[in-house]
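As a plain string of letters, each chain reads:
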Number of protein chains: 4
Amino acid sequence: MSSFYGENLKLSIFGQSHGPAIGMTLDGIPAGLSVDFDKLQSFMALRAPGQHSYSTPRKEADVPEFLSGIVDGCTCGSPIAAIIRNTNTRSGDYNNLRDCPRPGHADYTAQVKYGGFQDAAGGGHFSGRLTAPLCIAGGMCKQWLENMGIRIAAHILQIGSVSDLSFNAVKPQIYDIGLNFPVLDDTVAKLMQEEISHVWQAKDSIGGSIECAITGLPAGLGEPMFGGVENRIAQIIYGIPAVKGLWFGDGIRAPEARGSAYNDAYTIHNGQVTTLTNHNGGILGGITNGMPVVFTAAIKPTPSIGQSQQTVNLKTGEITTVEVKGRHDPCIVPRAVPVIEAAAAIAVYDMILGNSSVQKRG
Amino acid sequence: MSSFYGENLKLSIFGQSHGPAIGMTLDGIPAGLSVDFDKLQSFMALRAPGQHSYSTPRKEADVPEFLSGIVDGCTCGSPIAAIIRNTNTRSGDYNNLRDCPRPGHADYTAQVKYGGFQDAAGGGHFSGRLTAPLCIAGGMCKQWLENMGIRIAAHILQIGSVSDLSFNAVKPQIYDIGLNFPVLDDTVAKLMQEEISHVWQAKDSIGGSIECAITGLPAGLGEPMFGGVENRIAQIIYGIPAVKGLWFGDGIRAPEARGSAYNDAYTIHNGQVTTLTNHNGGILGGITNGMPVVFTAAIKPTPSIGQSQQTVNLKTGEITTVEVKGRHDPCIVPRAVPVIEAAAAIAVYDMILGNSSVQKRG
Amino acid sequence: MSSFYGENLKLSIFGQSHGPAIGMTLDGIPAGLSVDFDKLQSFMALRAPGQHSYSTPRKEADVPEFLSGIVDGCTCGSPIAAIIRNTNTRSGDYNNLRDCPRPGHADYTAQVKYGGFQDAAGGGHFSGRLTAPLCIAGGMCKQWLENMGIRIAAHILQIGSVSDLSFNAVKPQIYDIGLNFPVLDDTVAKLMQEEISHVWQAKDSIGGSIECAITGLPAGLGEPMFGGVENRIAQIIYGIPAVKGLWFGDGIRAPEARGSAYNDAYTIHNGQVTTLTNHNGGILGGITNGMPVVFTAAIKPTPSIGQSQQTVNLKTGEITTVEVKGRHDPCIVPRAVPVIEAAAAIAVYDMILGNSSVQKRG
Amino acid sequence: MSSFYGENLKLSIFGQSHGPAIGMTLDGIPAGLSVDFDKLQSFMALRAPGQHSYSTPRKEADVPEFLSGIVDGCTCGSPIAAIIRNTNTRSGDYNNLRDCPRPGHADYTAQVKYGGFQDAAGGGHFSGRLTAPLCIAGGMCKQWLENMGIRIAAHILQIGSVSDLSFNAVKPQIYDIGLNFPVLDDTVAKLMQEEISHVWQAKDSIGGSIECAITGLPAGLGEPMFGGVENRIAQIIYGIPAVKGLWFGDGIRAPEARGSAYNDAYTIHNGQVTTLTNHNGGILGGITNGMPVVFTAAIKPTPSIGQSQQTVNLKTGEITTVEVKGRHDPCIVPRAVPVIEAAAAIAVYDMILGNSSVQKRG
């Protein structure tokens, strides 16, 4: 399946960037859960465009309208549906891109797959704009998890040459992520912003990585083999445009590691089995061990850049160039932080729903 | 779900390391496909233990017995089932591990999840031995893909401090992987083997990474969002024990990359649209662009090491130590190469089955 | 899983009877299929209320608004979403029904399942109104099937004591269903309408049955065991409120039949293998044999009746009575005919999508 | 999908009638559930052939061998796999049936679907023999449900002209089904057996129906629309060969019923809400109401009959006749009773697993 996710909950994402509306349906949610709409709106604002001088100036309100599933502020047990109207649709901008695909975008693959019938305007269904409905679903799941004592926090780990501290460098109890710029070490915020400004001035873009931690999870969540915590987080995280890598714990350093150092030794603390380190990112055999689940997603540079790029005119077969017009984010990473949290929240809440012993904690 | 995989084909893996048998069922395969059993056996031999001086000496024949789905060497359209009997089961070795979980293994998480009812012997369902039935299914899918002109080739990219060339450094036409030791650059084979010998003598283990390329894929395979090629490969690759990281193309370098360098410019060659580079690993928007699909899996060091490690006695709550008895692979990476290929083959064949336009090429 | 259907296409239905809107998302549809909106509107009008003197007078426009998935009248490959705003919501009517469940409705079961958080107004998600989005999806699938030469036609087989001819009594070539009242034998139309008027005057309701035929299907569609044509039609047909029975071909008479009479003997006609009779309803071993697929759904009487009925006050535990206010259809069967067709169209189109050899016919 | 079933548990059935073995895998079962193998064997014996003078004399032991998932008589949390070896395979008997399909069997549809590659011997994957692994899975689920106080009981409702009492005619507390012949009213047992003997002497076969009740279910089980109790029972029941009809409660009489009589009025008994009648078969809106879930499956006459039947030679295109050799059950209904129970048990246990509030009762 394509735009569907979930084993116990069922999430469906729909819409094209410049169509009438984008939205989501979310089925399988228990009745009687409250939704804090103000909190949801604040969460969604974190991914909204137009927040920085260099960011795309499209001012989309992104206020979801709930069509079903919520009555008097509580889930009623039937599918939740919410939409966001697209108000700023300028399809004329994109007409020539159907013939001359932009490098790094899905223009060419969509053209091949859909035979020219795809909605090319604004990237259509492939647009990063589709992460807004993901944040509607994920923002609610995040609230419901918090009510169970499960918290999800992501921060920018790297942008270009600038790196933040890793969660492993700080204590889980004090994951203190900056409000204005989501980093653990406030001193790198300015450096990262400078790096972004720099590439922006060069009509270029830059990638980065986001580290996410899920704390408060009980041990025993997840299934062996294809139903493991890694598998299910990976399945949704790779649904976020521009994610090209994903590792759990210190997975990126696993290739040079030795077992004696990589294995997380067990200890006991206040009667609770725990580990001295967390190289495995809280997951062994696909199942949580009670330590924070930690993963990192690698984000490629925004494909839209102001520089001229080589492409092929699909109609004439001639090599030509394309320049991406308009203003685009030179670095999508800051706005992707809540999206990563949203995706993680959906994956975790889905697993929680499949685990009756954990639900009892709720 | 846990030990099931697939949208169009349906793979089920069952068995415990020291139970009567391990096996797989594979449903949804078209009728009339031939299976070359000798070739399958050769493929499975690549992951068999006991091939190297330092490898575990358990000599498992690993000859699958097919129970259904194949008649006169051809698929008959009904589910394929095959099993491998476990002949070398010494469950006595593992009794104390139920109480004192080995660091880095799934002993503790299985104990929490299954409340002590898990089959602890030999790692039970979490054992790397379960990759043998994965290789039965994957070995067949690999053959069927080859008959369509789609080839899957993996090699060791890194073990500890020794690195092989990347596929990006060579031309896709000449993926020439060593037969005795699966590397592109034969000169690193000896260095890697020395690295393994070295950690083995130190009663330690070491991780590594495996790079895999899928060539011959048409453009247009995969679905947007959660059904993308990355998502579906990730879902199965993370089902292989010890995989802790996964990236596509140059995904690991995406965080420091600039768009002007990372975007793969289009060109045209013999009337075929192609790209000058392949940083995106053959996938844009979750959909193949006709370039080789390339991914790398990071493998953690084998958790079983001869050194004494700290653990907790779950019965008494006391901190204690555990030493893993028996001989174990100090580096699982060489044996994991065919497993990665098998998993990739299953994922790709599943996507092919869902794409009627591609099937016509078959 | 609950409000989702499909193996290859993915249908999601959402909304409550008196909420802001009802709707559907439909994913997995190939790009480039045209939709005739006028034809779709005409199809949806067949289930609209307020068509008969005795029918519920709520005049719902039921004009779907398409939010995504269709560009310039053609599918674009991304999920199709459409909604219908609810304009006639009178939630005040239903407040007391939360405490005193109406017999035959889902009031009580929803109360138990959702703990009082369900949207009780108008039956909420259980309302027959939710068949409107089913008709959006099914109406489109029906059009796409017709373009392949596959036709779906349903008629009222029985209402109370009045029965229409069965499809088996006429030749498949001349399925000639009345436009004003969907019966094969026009002479029974008036009798059925009289039966409905009669029970309506008695403040009662009446059930019926609907027979549906799918012609033009190739042999070889469907899968053995749980993926059979019967299984998949049953799974969606039982999603229509009030359906309490379903049989294929002469299934209802199978218990008294003998094999010598029930087996459909093969013959050959214009080089095409066919059967002399169609007792098996076009399906053997779950797979189509090229004859029309014929099934009959039994519809229970509308639970809403003007008579006083015994119920229990769930708050006080006392036995009491309830009278269903407002005007309700005394017989839902005529309006259910397009709904049965819609459900059949969705099931068949889903199977077609999974069968590449059949798609080539399209 | 085809030979897979389940939302929370995952059942896979494999094997061909005359292949090496038939079997099943069952995933998603909690750890720590005991299995009474003697009880399971007794249950499986109820469907074994060769029990009656007129029944097929093939004496298949049908003793399952468990390959995984059960340790020391308890589930261990990993997938359960069990196989039954086929000992009595006489493939020579069936060679000519590939060309001349038997009326009423899946020979022709399999030939079209699998292009001649199907395993034609003994009906291959379409054989009623595949209900043996269904009984392995279902027999275990039945035991686990009984441990929760949920009982499943089926009886022959009709064979030809002879009918048993319906469950609605007796009190749920005293479902007293005959041990030797599964009927409620012992006096009809002899009549049914005579009916079978009669058709057997006429080289014919006869159909029948089986009524099944599930008692002890809590209210609130099941989901609206496509995930209802009816949908999910239908999906598995139609996986049993020869089932051609299915209705819930008094569904077969719904078409002539009036709402005033068909609605089940609520009452209260010992503080428990219940209904005075059970015309709806314990299900409203797809959700259990606490009354017994009652359904009836219509079984067509065994297609194999000794009489000569018209068919077509697919190679030559000529009309010819076929006589089914060997001894076959003239009525499959008695042996299908445990199969219906097994299927119901699997469906119900699957729903129980998805319902955490119900699991707490267990």
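These numbers were taken from a predicted model, which means no experiment stands behind them. (Residues numbered from 1 in each chain as written. Chains lettered and ligands numbered in written order. Predicted model: local features only at pLDDT ≥ 70, side-chain atom pairs only at ≥ 80, totals over all residues. Heavy atoms only, no water.)

Can you walk me through the overall build of chain A in this structure?
When helices and strands are counted, chain A shows 8 helices and 18 strands. Its C-alpha atoms give chain A principal-axis dimensions of roughly 70 × 50 × 35 Å. Across the 362 residues that make up chain A, the buried fraction comes to 66%. Counting contacts in chain A only where the partners sit at least 6 residues apart, residues at least 24 apart contribute 70% of the total. As displayed, chain A has an accessible area near 11,900 Å², and 49% of this comes from carbon and sulfur atoms. Side chains of chain A give 27 positive and 31 negative charges; the mean places of these two sets differ by 3 Å. (Helix = DSSP H or I, 4+ residues; strand = E, 2+ residues; numbered from the N terminus. Buried < 20%, exposed > 50% of the residue type's maximum accessible area, 1.4 Å probe, protein only. Contact = heavy atoms within 4.5 Å. Areas by Shrake-Rupley, 256 points an atom, 1.4 Å probe, with all protein chains shown as cover. Lys, Arg positive; Asp, Glu negative; His and termini not counted. Charge placed at Lys NZ, Arg CZ, Asp CG, Glu CD.)

Help me out: how do you make sense of the sheet that holds strand E7 (residues 80-85) of chain D in this one?
Strand-to-strand pairing in sheets goes through backbone hydrogen bonds, with the strands running parallel or antiparallel. Residue and element names in this part refer to chain D. Across the sheet, 5 strands lie side by side as E1-E2-E3-E7-E4; this open sheet has antiparallel pairing. Lying at the two open borders of the sheet, with one neighbouring strand each, are strand E1 (4-5) and strand E4 (65-68). Examined bridge by bridge, strand E2 (residues 10-15) and strand E3 (residues 21-27) share 6 bridges and lie antiparallel to one another. Its bridge partner being in E3, Leu11 is matched across the sheet by Leu26. (Pairing = 2+ DSSP bridges.)

How should I be thinking about helix H4 (residues 186-201) of chain C in this particular structure?
Along an α-helix, residues three or four positions apart point the same way, because every turn accommodates 3.6 residues. Residues and elements named next belong to chain C. For H4, which comprises 16 residues, the first-to-last C-alpha distance of 24 Å matches the rise-based estimate of 22 Å (1.5 Å per residue) to within 8%. Inspection of H4 places Val188, Ala189, Met192, Glu195, Ile196 and Val199 among the buried residues, and these make up the whole buried set. Here the buried residues of H4 occupy an arc of 130 degrees about the axis, which is enough to place them on one side. Exposed residues pointing more than 90 degrees away from the buried face of H4 are listed as Asp186, Thr187, Lys190 and Gln201. (Expected span 1.5 Å × (residues − 1). Arc of directions from axis to C-beta.)

So what exactly am I meant to see when it comes to the packing of aromatic side chains here?
Two aromatic rings, taken as a pair, are described by how far apart their centres are and by the angle between their planes. A full pass over the atoms with the stated rule returns 32 aromatic pairs over all chains. Here Phe37(B) and Phe66(B) contribute two aromatic rings whose centre-to-centre distance is 5.2 Å and whose plane-to-plane angle is 65 degrees, an arrangement assigned as edge-to-face. With a gap of 29 residues between them, Phe37(B) in helix H1 (residues 37-45) and Phe66(B) in strand E4 (residues 65-68) connect regions that are remote in the sequence. Residue Phe66(B) is classed as buried on the basis of its relative accessible area, which comes to 17%. Three or more aromatic residues joined by ring pairs form one cluster here, namely Tyr238(A), Phe248(B) and Phe295(B). (Phe/Tyr/Trp six-rings, centres within 6.5 Å; stacked < 30°, edge-to-face > 60°.)

What's the story with the interface of chain A and chain B in this structure? I'm lost.
Quite often, the size of an interface is put as the accessible area lost when its parts meet. Each partner contributes residues to the interface: chain A has 98 residues there, and chain B has 98 residues. Both sides together, the interface formed by chain A and chain B hides about 7,800 Å², and carbon and sulfur atoms give 61% of it. Counting every contact that joins chain A to chain B gives 4 salt bridges. Glu223(A) serves as the salt-bridge partner of Lys113(B), at 3.4 Å between the closest nitrogen and oxygen. On inspection of chain A and its partner chain B, the count reaches 43 residue pairs in polar contact (both at pLDDT 80 or more). Tallied by class, residues from the side of chain A that touches chain B come to 49 nonpolar, 37 polar and 12 charged. (Buried area = accessible area lost by both parts, 1.4 Å probe. Salt bridge = Lys/Arg side-chain N within 4 Å of Asp/Glu carboxyl O. Polar contact = N/O pair within 3.5 Å; in protein donor to acceptor, adjacent residues only side chain to side chain. Nonpolar A, V, L, I, M, F, W, Y, C, P; charged D, E, K, R; others polar.)

Teacher, can you tell me more about the packing of helix H3 (residues 131-146) of chain D against helix H7 (residues 333-353) of chain D here?
Each packed pair of helices is defined by two parameters, the angle between the axes and the distance between the axes. Residue and element names in this part refer to chain D. In the contact formed by H3 and H7, the axes pass within 7 Å of each other and the chain directions differ by 55 degrees. When the axis of H3 is compared with that of H7, the two are oblique. Judged by the sense of rotation from one axis to the other, the crossing of H3 with H7 is left-handed. Contacts between H3 and H7 involve Thr131, Leu134, Cys135, Ala137, Gly138, Cys141, Lys142, Trp144 and Leu145 on the former and, on the latter, Pro338, Val339, Glu341, Ala342, Ala343, Ala345, Ile346, Val348, Tyr349 and Ile352. Class assignment for the residues of the contact of H3 with H7 results in 15 nonpolar, 2 polar and 2 charged. (Axes fitted to C-alpha atoms, helices over the stretch in contact; angles between N-to-C directions. Parallel < 35°, antiparallel > 145°, perpendicular 65-115°, else oblique. Left-handed = near helix turned anticlockwise from the far one by under 90°.)

Sorry if this is basic, but what is going on with the confidence of the model for chain A here?
Parts of the model with low pLDDT should not have their predicted coordinates read in detail. All names here are of chain A. Of the residues in chain A, 90% have a pLDDT of 70 or more, and the chain-wide mean is 91. Here residues 358-362 scores under 50 on pLDDT; set against residues more than four positions off or in separate chains, the count is 10 contacts. Of the two predicted TM-score estimates for the complex, the pTM is 0.96 and the ipTM is 0.95. (pLDDT = per-residue confidence, 0-100.)

Just to check I follow, could you spell out the sheet that holds strand E11 (residues 243-248) of chain A for this structure?
On the basis of which strands lie adjacent, the open sheet formed by 10 strands has the order E9(A)-E8(A)-E10(A)-E16(A)-E11(A)-E11(B)-E16(B)-E10(B)-E8(B)-E9(B) and antiparallel pairing. Looking at which strands have only one partner, the edges of the open sheet turn out to be strand E9 (162-163) of chain A together with strand E9 (162-163) of chain B. Summarising the sheet, strand E8 (residues 151-159) of chain B and strand E10 (residues 208-215) of chain B pair through 8 bridges and their orientation is antiparallel. By the bridge assignment for E10(B), Arg151(B) is matched with Thr215(B). The strands touched by helix H7 (residues 333-353) of chain A are strand E8 (151-159), strand E10 (208-215) and strand E16 (293-299) of chain A; relative to E8(A), the strand with the most contacts, the crossing angle is about 145 degrees.

Looking at this structure, how should I read the relation of the copies chain A and chain B?
Superposing the two chain copies requires a rotation about an axis and a translation along that axis. Mapping chain A onto chain B calls for a rotation angle of 180 degrees and an axial translation of 0.0 Å; the resulting RMSD is 0.0 Å. With respect to symmetry, the two chain copies, as superposed, fit the operation of a two-fold axis. A symmetric contact is evident, with 100% of the interface residues of chain A recurring at the interface of chain B. (Least-squares fit on C-alpha atoms with pLDDT ≥ 70 in both.)

Sorry if this is basic, but what is going on with unusual backbone geometry here?
Generally, phi is negative for residues other than glycine and the peptide bonds are trans, each holding for most cases. Its identity is not glycine, yet Ala242(B) carries a phi of approximately 85 degrees, on the positive side. One can find Ala242(B) in the loop between helix H5 (229-237) and strand E11 (243-248). Its identity as a non-glycine residue notwithstanding, Asp72(D) has a phi of 55 degrees, on the positive side. Checked against the element boundaries, Asp72(D) lands in the loop between strand E5 (70-71) and strand E6 (74-75). Judged by relative accessible area, which is 78%, Asp72(D) ranks as exposed.

Looking at this structure, how should I read the pattern of salt bridges?
If the charged atoms of two oppositely charged side chains come close together, the side chains can form a pair. Taken as a whole, this structure holds 56 salt bridges over all chains when the rule is applied. Three or more residues joined by partner-sharing salt bridges are found here, namely Lys39(A), Lys142(A), Glu146(A) and Glu341(A).

How do you make sense of the pairing of strand E2 (residues 10-15) of chain A when you look at a structure like this?
Each regular strand shows side chains that alternate between the opposite faces of the sheet. Residues and elements named next belong to chain A. Most of E2 is tucked away: 6 of the 6 residues are buried. Neither face of E2 is open: one carries Lys10, Ser12 and Phe14, the other Leu11, Ile13 and Gly15, and all of them are buried. Hairpin connection of E2 to strand E3 (residues 21-27): 5 residues between the antiparallel strands.

For this particular structure, what's the right way to read the packing of H1(B) against helix H3 (residues 131-146) of chain B?
All names here are of chain B. Relative orientation of the contacting elements H1 and H3 amounts to 130 degrees, with a least axis distance of 9 Å. In terms of their interaxial angle, H1 and H3 are classed as oblique. Between H1 and H3 the crossing geometry is right-handed. In contact with Lys39, Leu40, Phe43 and Met44 of H1, H3 contributes Ala132, Cys135, Ile136, Gly139, Met140, Lys142, Gln143 and Glu146.

Is there a simple way to think about the environment of Ser3(C) in this case?
Checked against the element boundaries, Ser3(C) lands in the segment before strand E1 (4-5). The contact partners of Ser3(C), leaving out residues within four places of it in the chain, are Asp27(A), Pro79(A), Leu11(C), Ser12(C), Ile13(C), His125(C), Pro224(D), Met225(D) and Phe226(D). A polar contact is formed between the side chain of Ser3(C) and the side chain of His125(C), at a distance of 2.7 Å.

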